[in-house]
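Listed below, chain by chain, are the residues.
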Amino acid sequence: GVIDLGGGSVQMMRALEPPTAATAPRDYVTKTAWQGKKYNLYVHSFLGYGLKAGRMAVLKQQGSNSCIPIGGHAHYNYNNDQVDVEGDNLGSSFDRCQKAAVQALNVNKPCEVVT
């Protein structure tokens with residue numbers, strides 16, 4: 001498979017076996033051939049999960065100031081939006097920053113099923 005991390009989205013592509021391709025959402029599977037072999041490729045773009053979009057989501061999240069060192073300041077512009085974040089008085093913390101990122105990126109949200 002292939003993953004492409006863009007600024008606003010992340011794209012994923014991987015080959016599927018024919019039985020799996022038959023049950024996948026039609027709009028996500030494309031058929032192609034390469035060097036005489038046929039492939040079913042699952043291709044999907046996840047908007048909002050790119051590097052720049054993800055950074056903006058994290059910095060806008062409550063508690064993201066734990067991602068910035070004491071005395072640090074982050075000013076970030078992306079997609080006609082901006083955010084200013086000051087470092088937390090307690091100092092940066094991997095655990096608190098990770099919690100902010102998990103919440104901002106909806107890591108625990110169930111995957112959408114398209115039929």
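Our subject is the structure listed above.
The structure contained in this document is the topic of the report that follows. (Residues numbered from 1 in each chain as written. Predicted model: local features only at pLDDT ≥ 70, side-chain atom pairs only at ≥ 80, totals over all residues. Heavy atoms only, no water.)

1. Regarding the sheet that holds strand E3 (residues 29-34)
So, point 1. Taken together, the 4 strands give an open sheet; going across it, the order is E1-E2-E4-E3, and neighbouring strands pair in antiparallel fashion. The outermost strands of the open sheet, each flanked by one partner alone, are strand E1 (2-5) and E3. Between one strand and the next, the sheet's axes are offset by a mean angle of 25°, whatever the strand orientation.
So, point 2. The pairing of E3 with strand E4 (residues 37-47) spans 6 bridges and is classified as antiparallel. Opposite Ala-33, over in E4, you have Lys-38 as the bridge partner. (Pairing = 2+ DSSP bridges. Helix = DSSP H or I, 4+ residues; strand = E, 2+ residues; numbered from the N terminus. Axes fitted to C-alpha atoms, helices over the stretch in contact; angles between N-to-C directions.)

2. A closer look at the state of the cysteines
So, point 1. Counting across every chain of the model gives 1 disulfide.
So, point 2. Residue Cys-67 pairs covalently with Cys-97 via a disulfide, S to S 2.0 Å. In this structure the cystine formed by Cys-67 and Cys-97 twists about its S-S bond by roughly 105°; its chirality is therefore right-handed. Here Cys-67 is found in the loop between helix H2 (51-60) and strand E5 (73-78), whereas its partner Cys-97 is found in helix H3 (residues 94-104), with 30 residues between them in sequence.
So, point 3. For Cys-97, a relative accessible area of 21% corresponds to the partly exposed category. (Disulfide = S-S within 2.5 Å. Buried < 20%, exposed > 50% of the residue type's maximum accessible area, 1.4 Å probe, protein only.)

3. Notes on the pattern of salt bridges
So, point 1. This model, assessed by the stated rule, comprises 2 salt bridges.
So, point 2. Its salt-bridge partner being Lys-60, residue Asp-81 comes within 2.6 Å of it at the nearest N-O pair. Of this pair, Asp-81 sits in strand E6 (residues 81-86) while Lys-60 is found in helix H2, placing the two residues 21 residues apart along the sequence.
So, point 3. We note a salt bridge from Asp-88 to Arg-96, for which the minimum N-O separation is 2.8 Å. (Salt bridge = Lys/Arg side-chain N within 4 Å of Asp/Glu carboxyl O.)

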